[in-house]
Amino acid sequence: MVRSTGFKKVKTTIFISGNGSNMKNLIKFSKIKNSPIEINLVLSSNKKANALNYLKKKKINFKIFDFKKKNKDEKKILDILKKKDTQLICLAGFMKILSRNFIKRFKGKILNIHPSLLPKYKGLNTHKRAIINKEKFSGCTVHIVNSKLDSGKIIMQKKVRINKNDDPESLSKKILKQEHLLYPKALIKLISRN
Ligand code: GRF
């Protein structure tokens, strides 16, 4: 359970690797008056991530770790998160797999957003696979991260209809829009106030 103490916002670190539309959305959400979170740091596994330009412009604190030496990087990250007093981690298009040990240290406190209706279509290329299988619906899921890929407890899901003329790109756009609505809702649901 993630609890905010009194009216204090939950200190949240976002992990990204690329585009960062969910990241931007969470940053905007954190600035809303009654938002339950504040963003204390963004961590990118990719020094060329598009999202970094936005962070520079907005003067938001970020760090880059390429995870080539995963153990070492994770140790350094854990130290930073401790110093920053991070209470919650939101993965948002983060393309690295965190170690079992790392996940243990933040048990129940790492969230991910995945572009399918889990448990269907874990892993990559979700839209393409859903279309090939002639699914009528796909969607997105916010879930807790555990040591099995895309398999932790589901917090919230949103269904999206797949039309006959949808291709992976059009479906991805439709689902991404819903992701931006779902992640904040799931955070509100997860964070119980005392
Ligand atoms: C999203 O579809 C998310 O569900 C998946 O990766 C994509 C990231 O998009 N995990 P963005 O970087 O947030 O724009």
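The structure reproduced in this document is the subject of the present report. The structure displayed is predicted, hence computed values, not measured ones.

Quick notes on the site of the ligand
Next, step 1: Around the ligand, the neighbouring residues are N19, G20, S21, N22, G93, I113, H114, P115, L176 and E179.
Next, step 2: Within the contact set of the ligand, an oxygen atom lies 2.9 Å away from a backbone nitrogen or oxygen of N22.
Next, step 3: If the ligand stood free it would expose 370 Å²; the protein chains cover 82% of that surface.
Next, step 4: Classifying every residue of the shell around the ligand gives three nonpolar, six polar and one charged.

Section: the environment of E169
Next, step 1: Summarising the element assignment, E169 is placed in helix 6 (residues 168-190).
Next, step 2: Judged by relative accessible area, E169 falls into the exposed class, the value being 55%.
Next, step 3: Counting along the chain gives 58 residues from E169 to L111, while the straight-line C-alpha distance between them is 25 Å.

Quick word on the pattern of salt bridges
Next, step 1: Counting across every chain of the model gives four salt bridges.
Next, step 2: Where E135 meets K120, a salt bridge forms, and the shortest distance between an N and an O atom there is 3.2 Å. Taken as a pair, E135 in the loop between helix 5 (126-132) and strand 7 (137-144) and K120 in the loop between strand 6 (110-114) and helix 5 lie far apart in primary sequence, 15 residues in all.
Next, step 3: Taking the shortest distance from any N to any O, the salt bridge between K174 and D166 comes out at 2.5 Å.
Next, step 4: Look at D166 and you get buried, because its relative accessible area is 11%.

So, helix 3 (residues 70-83)
Next, step 1: Spanning 14 residues, helix 3 covers 20 Å between terminal C-alpha atoms, matching the ideal 20 Å at 1.5 Å per step.
Next, step 2: Listing the buried residues of helix 3 in full gives D73, E74, I77, L78, I80 and L81. With its buried residues spanning 165° around the axis, helix 3 presents them on a single face. Exposed and oriented more than 90 degrees from the buried face of helix 3 are N71, K72, K75, K82 and K83.
Next, step 3: Residues of helix 3 that are buried in the fold lie against strand 2 (10-16), strand 3 (37-44), strand 4 (62-64), strand 5 (88-91) and helix 4 (100-105).

What about the nonpolar core?
Next, step 1: By size, the foremost hydrophobic cluster in this structure holds 37 residues, and its most contacted members are I16, M23, L88, L111, Y183 and L187.
Next, step 2: Per element, the largest residue contribution to this core is seven residues, and it comes from helix 6.
Next, step 3: Mapped onto the domain boundaries, this core takes at least three residues apiece from domain 1 (7-106) and domain 2 (115-141 + 156-194).
Next, step 4: Contact partners of Y183, with chain neighbours within four places excluded, come to N22, L26, C90, L91, A92, L111, N112, I113 and V142.
Next, step 5: Grouped together as the second largest cluster of nonpolar side chains are 18 residues, L43, F65, L91 and F94 included.

Section: the sheet that holds strand 8 (residues 154-161)
Next, step 1: Overall, mixed pairing links the seven strands, which are arranged 4-3-2-5-6-7-8 in an open sheet. The open sheet has two free edges, formed respectively by strand 4 and strand 8, since each of these has just one partner strand. Averaged over all neighbouring strand pairs, the angle between strand axes comes to 20°, with direction disregarded.
Next, step 2: Across the sheet, helix 1 (residues 21-30) lies against strand 2, strand 3, strand 5 and strand 6, angled at about 155° from strand 3, the strand it touches most.
Next, step 3: Here helix 6 sits on the sheet in contact with strand 3, strand 5, strand 6, strand 7 and strand 8, set at roughly 155° to strand 8.

A short note on the environment of F15
Next, step 1: Take F15: it is sitting in strand 2.
Next, step 2: For the pair F15 and S45, spaced 30 residues apart in sequence, the C-alpha to C-alpha distance is 7.8 Å.
Next, step 3: The contacts of F15, once residues within four sequence positions are left out, are L43, I77, L81, I89, C90, L91, A92, F94, L98 and F102.

Calculation notes
- The residue numbering used here restarts from 1 in each chain and proceeds along that chain's sequence as written.
- pLDDT decides what is reported in this predicted model: residues at 70 or higher carry local features, side-chain atom pairs at 80 or more are listed and counted, and totals for whole chains, interfaces and linings draw on all residues regardless.
- Computation of side-chain values covers all heavy atoms of the structure but excludes hydrogens and water.
- Residues are classed as near a molecule or strand on a simple rule: at least one heavy atom within 4 Å of it.
- Distance and chemistry together define a polar contact, namely a pair of N or O atoms within 3.5 Å, with one atom able to donate a hydrogen and the other to accept it when in protein, and with adjacent residues in sequence counting only for side-chain atoms on both sides.
- Residue exposure ignores everything except the shown protein chains as possible cover, and the areas themselves are Shrake-Rupley values with a 1.4 Å probe.
- Throughout, the ten residues Ala, Val, Leu, Ile, Met, Phe, Trp, Tyr, Cys and Pro are labelled nonpolar, Asp, Glu, Lys and Arg are labelled charged, and all others, Gly among them, are labelled polar.
- To qualify as a helix, a DSSP run of H or I must reach at least 4 residues; to qualify as a strand, a run of E must reach at least 2; elements of each kind are numbered from the N terminus.
- Burial classes: relative accessible area under 20% of the type maximum marks a residue as buried, over 50% as exposed, and values in between as partly exposed (1.4 Å probe, protein chains only).
- Whenever Lys or Arg places a side-chain nitrogen within 4 Å of a carboxyl oxygen from Asp or Glu, that contact is recorded as a salt bridge.
- Expected span, for any helix, means 1.5 Å times one less than how many residues it has.
- Think of it as the arc spanned by the lines of direction from the helix axis to the C-beta atoms.
- Only heavy atoms matter for contacts: two residues are in contact if any of them lie within 4.5 Å across the pair.
- Nine residue types can take part in a nonpolar core, namely buried Ala, Val, Leu, Ile, Met, Phe, Trp, Tyr and Cys, and a core is a set of them joined through side-chain atoms within 4.5 Å.
- Residue ranges for the domains originate in an automatic or database domain assignment.
- Here a strand pair is declared whenever DSSP counts at least two bridges between the two strands.
- Axis angles are defined between N-to-C directions and span 0 to 180 degrees, where every axis is a line fitted to C-alpha atoms and, for a helix, only to the segment in contact.

Any functional reading would require information beyond the geometric quantities listed.
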